[in-house]
There are 2 protein chains.
Amino acid sequence: MSVPSTLAAELQAKIDNKTKPLGALGQLEALALQLGLIQQTLRPQLKNPRILVCAGDHGAAKAGLSAYPQDVTWQMVQNFLAGGAAINVLARQAGMQLVVADAGVNHDFDVCNGLLDAKVAYGTASYLDGAAMTTEQRDAAMRHGANAIEAAHANGCNVIGFGEMGIGNTSSASLITHCLTGAPLAQCVGRGTGLDDAGVARKLALLEQALTAWTKRSDDALDVLARFGGFEIAMLAGAMIAAAERRMVLLIDGFIVTAALLVAVRINPAVRECCVFAHCSDEAGHALQLRHLEAQPLLQLGLRLGEGTGAALAYPLLKAACAFLDEMASFDAAGVSQKG
Amino acid sequence: MSVPSTLAAELQAKIDNKTKPLGALGQLEALALQLGLIQQTLRPQLKNPRILVCAGDHGAAKAGLSAYPQDVTWQMVQNFLAGGAAINVLARQAGMQLVVADAGVNHDFDVCNGLLDAKVAYGTASYLDGAAMTTEQRDAAMRHGANAIEAAHANGCNVIGFGEMGIGNTSSASLITHCLTGAPLAQCVGRGTGLDDAGVARKLALLEQALTAWTKRSDDALDVLARFGGFEIAMLAGAMIAAAERRMVLLIDGFIVTAALLVAVRINPAVRECCVFAHCSDEAGHALQLRHLEAQPLLQLGLRLGEGTGAALAYPLLKAACAFLDEMASFDAAGVSQKG
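Residues numbered from 1 in each chain as written. Chains lettered and ligands numbered in written order. Predicted model: local features only at pLDDT ≥ 70, side-chain atom pairs only at ≥ 80, totals over all residues. Heavy atoms only, no water.

When its secondary structure is counted, chain A shows 14 helices and six strands. Counting only C-alpha atoms and orienting by the principal axes, one finds that chain A spans roughly 70 × 45 × 35 Å. Within chain A, buried positions represent 63% of all 340 residues. In chain A, the share of contacts with a sequence separation of at least 24, taken over all contacts with a separation of at least 6, comes to 74%. Working note: accessible area of chain A is about 11,900 Å², and carbon and sulfur atoms make up 51% of it. (Helix = DSSP H or I, 4+ residues; strand = E, 2+ residues; numbered from the N terminus. Buried < 20%, exposed > 50% of the residue type's maximum accessible area, 1.4 Å probe, protein only. Contact = heavy atoms within 4.5 Å. Areas by Shrake-Rupley, 256 points an atom, 1.4 Å probe, with all protein chains shown as cover.)

The structure is reproduced here in structure tokens:
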């Protein structure tokens with residue numbers, strides 16, 4: 001344990017010797033320290049940043065859990081491929097490469113359109129009736145995630161933002177969050193893409209029914225994932241575990257991505273230390289997840305879009321943290337007097 | 001009044017037709033709307049972004065109001081010119097041009113070093129004994145600010161972040177904030193560059209003394225500015241008024257810059273609508289100023305450095321707001337179904 005704690009002390013000393021009052025860059029200083037620790041260096045650098053957006057459909061969505069019809073999943077994937085969605089614009093703006101994966105969308109896409117084919121099935125089964133996926137499907141989706149990370153890593157990527165698309169997936173995330181944090185279900189259920197109060201009440205009632213239907217209930221993360229997950233969530237969880245194994249920086253987006261992280265962290269707690277939390281979204285339950293993970297998000301902009309948009313918006317702050325650590329002068333070098 | 005409200009409605013419709021749930025980009029949507037209204041267009045664009053850092057010394061600083069010696073003002077200006085300070089790194093990172101102005105530093109700088117010469121005097125007089133500056137000095141500093149904006153505008157700049165440097169200037173900002181908001185002085189006084197509790201108590205006692213010494217007290221913004229201001233604060237106030245007259249986007253940084261804005265808004269209330277608030281700093285009194293201005297800052301990162309660092313860190317969010325408004329597909333164009 002002496003090596004990492006020495007590095008932490010050296011990083012802190014480097015930060016404290018920059019020409020600014022102690023701690024004056026606030027959360028950016030903690031971020032610089034964390035990036036150094038993830039990369040085990042005094043000079044962390046971000047290379048070939050990427051956003052991985054995983055898309056999947058949910059059998060339970062047909063019960064009317066969302067304000068939007070299920071077709072919006074594949075339509076939005078087409079929108080990603082055409083470059084017109086928010087994540088396209090914001091990833092481009094942030095200088096991040098966007099990779100969109102079909103983890104299990106209920107649609108046949110044209111080949112050769114840039115989509116990463118990771119399709120496990122045409123959507124999950126409905127967890128209102130049984131398990132959303134078989135254990136084989138779950139493991140296949142997680143392997144797809146690991147493969148996507150291997151490809152990114154081979155491409156020199158050392159920082160990866162996670163995003164998702166899937167009509168009905170806030171419901172899946174709510175169930176996972178309830179099962180893995182122990183928080184009351186009602187606190188984990190929100191408006192998703194824009195339900196009104198009656199819609200939220202209906203969603204909550206359906207999800208309570210889904211919990212009741214799970215007679216052999218377990219709080220094992222893999223069991224929870226198979227019962228309530230989406231393929232996109234399973235793929236994200238697999239990707240997160242693989243990314244942390246490679247000491248990549250994991251840039252965590254909103255409610256659904258954080259639900260995948262709850263699974264990943266339960267499987268391998270070391271994933272947590274590689275995570276930078278991009279933002280706290282407006283979706284009920286996200287703040288609860290962040291508290292559970294003892295996470296301090298970078299942004300609070302009232303976002304509730306998903307797609308990895310918060311990750312893309314926060315990325316410039318990671319670059320700024322590396323830049324001040326690398327480029328700012330020390331008091332000695334600049335000939336500036338220290339505190340009296 | 002019908003033209004601007006029509007534009008607001010058109011901007012809102014444009015935002016609402018983007019392929020995302022209504023309001024899902026949170027504060028970024030309000031920002032896009034504001035940028036469109038400032039520029040009076042459905043397609044706001046940010047051009048030649050600049051940070052103007054104004055530096056000045058404070059006569060009262062010699063009484064021991066700061067944790068740092070007064071020489072740090074000119075030393076930090078040298079650090080700006082050498083490119084080693086936080087604002088150099090963060091402005092570069094954000095793609096913003098940095099202009100550093102000597103509004104009244106107690107030092108002779110070499111000529112031809114890139115510094116904008118706006119020196120009114122070698123620091124203000126101490127407001128513990130009388131007015132910090134004469135009305136002529138105040139007006140000269142404000143004119144210097146207007147001139148700096150004229151130069152930026154002539155250079156095609158339409159978005160300007162404000163920053164400052166001046167040992168002792170949180171004290172000046174505290175007095176101005178107290179006088180112009182009516183908030184109790186104690187709520188306007190904070191740790192500055194890092195005072196301990198005893199230091200804050202001493203600072204508060206000195207500032208109470210400064211208020212008592214002002215026998216012909218006024219709440220006129222120009223009077224307050226002359227009595228307690230710094231030359232950098234007066235220059236900033238002048239710059240803000242001039243920038244708003246040109247419908248530039250004003251990117252407001254921390255406590256001292258916001259004190260200058262309180263002056264500017266009192267002189268011309270229309271300045272307020274051109275202001276984007278970069279962040280809420282950790283300096284006591286900044287949150288109070290923001291509430292007074294009914295401002296919602298973009299970032300809450302616990303910054304307390306000044307120099308315009310918060311403005312530089314927030315700038316990518318302004319770019320993102322313009323980008324989503326300009327580049328995202330509409331529901332119709334993308335063939336995505338609307339909410340059911």
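Structure's up, so let's keep going.
Residues and elements named next belong to chain A. The full count for this structure, using the stated rule, is 14 salt bridges over all chains. The shortest N-O distance in the salt bridge between Lys20 and Glu29 comes to 2.9 Å. Summarising the burial analysis for this pair, Lys20 and Glu29 share the class buried. (Salt bridge = Lys/Arg side-chain N within 4 Å of Asp/Glu carboxyl O.)

All names here are of chain B. Helix α10 (residues 231-245) packs onto helix α5 (residues 135-154) with a crossing angle of 50 degrees between their chain directions and a minimal axis gap of 7 Å. As the angle between them shows, α5 and α10 are arranged oblique. Like other packed secondary-structure pairs, α5 and α10 cross with a definite hand, here right-handed. Contact with α5, carried on its side by Gln137, Arg138, Ala141, Met142, His144, Gly145, Ala146, Ala148 and Ile149, involves Phe231, Ala234, Met235, Ala237, Gly238, Ala239, Ile241, Ala242 and Ala243 of α10 and no other residues of that element. Of the residues in the contact of α5 with α10, the class split is 13 nonpolar, four polar and one charged. (Axes fitted to C-alpha atoms, helices over the stretch in contact; angles between N-to-C directions. Parallel < 35°, antiparallel > 145°, perpendicular 65-115°, else oblique. Left-handed = near helix turned anticlockwise from the far one by under 90°. Nonpolar A, V, L, I, M, F, W, Y, C, P; charged D, E, K, R; others polar.)

With that out of the way, let us pick up helix α3 (residues 71-82) of chain B. The terminal C-alpha atoms of α3(B), which comprises 12 residues, lie 17 Å apart, in line with the 16 Å expected from a rise of 1.5 Å per residue. Residues of α3(B) that are buried sit in contact with α14 (331-334) of chain A together with β1 (50-56), α4 (86-94), β2 (97-104) and β4 (159-165) of chain B. At the exit of α3(B) stands Gly83(B), carrying a positive phi of roughly 85 degrees. (Expected span 1.5 Å × (residues − 1).)

Turning next to the domain arrangement of chain A. All names here are of chain A. In terms of domain boundaries, chain A breaks down into domain 1 (7-45 + 324-334) and domain 2 (50-319). When each unit is reduced to the centre of its C-alpha atoms, the spacing between domain 1 and domain 2 is 32 Å. Approximately 930 Å² of surface area, both sides summed, lies buried where domain 1 meets domain 2, with 52% of it carried by carbon and sulfur atoms. Sorting the residues of domain 1 by area buried against domain 2 places Gln27, Leu31 and Ile38 first, and these three jointly supply 55% of that buried surface. Counting the contacts that link domain 1 with domain 2 gives zero salt bridges. Between the two partners, domain 1 and domain 2, sit seven residue pairs in polar contact (both at pLDDT 80 or more). For the side of domain 1 that touches domain 2, a count of residues per class yields five nonpolar, four polar and no charged. (Domains from an automatic or database assignment. Buried area = accessible area lost by both parts, 1.4 Å probe. Polar contact = N/O pair within 3.5 Å; in protein donor to acceptor, adjacent residues only side chain to side chain.)

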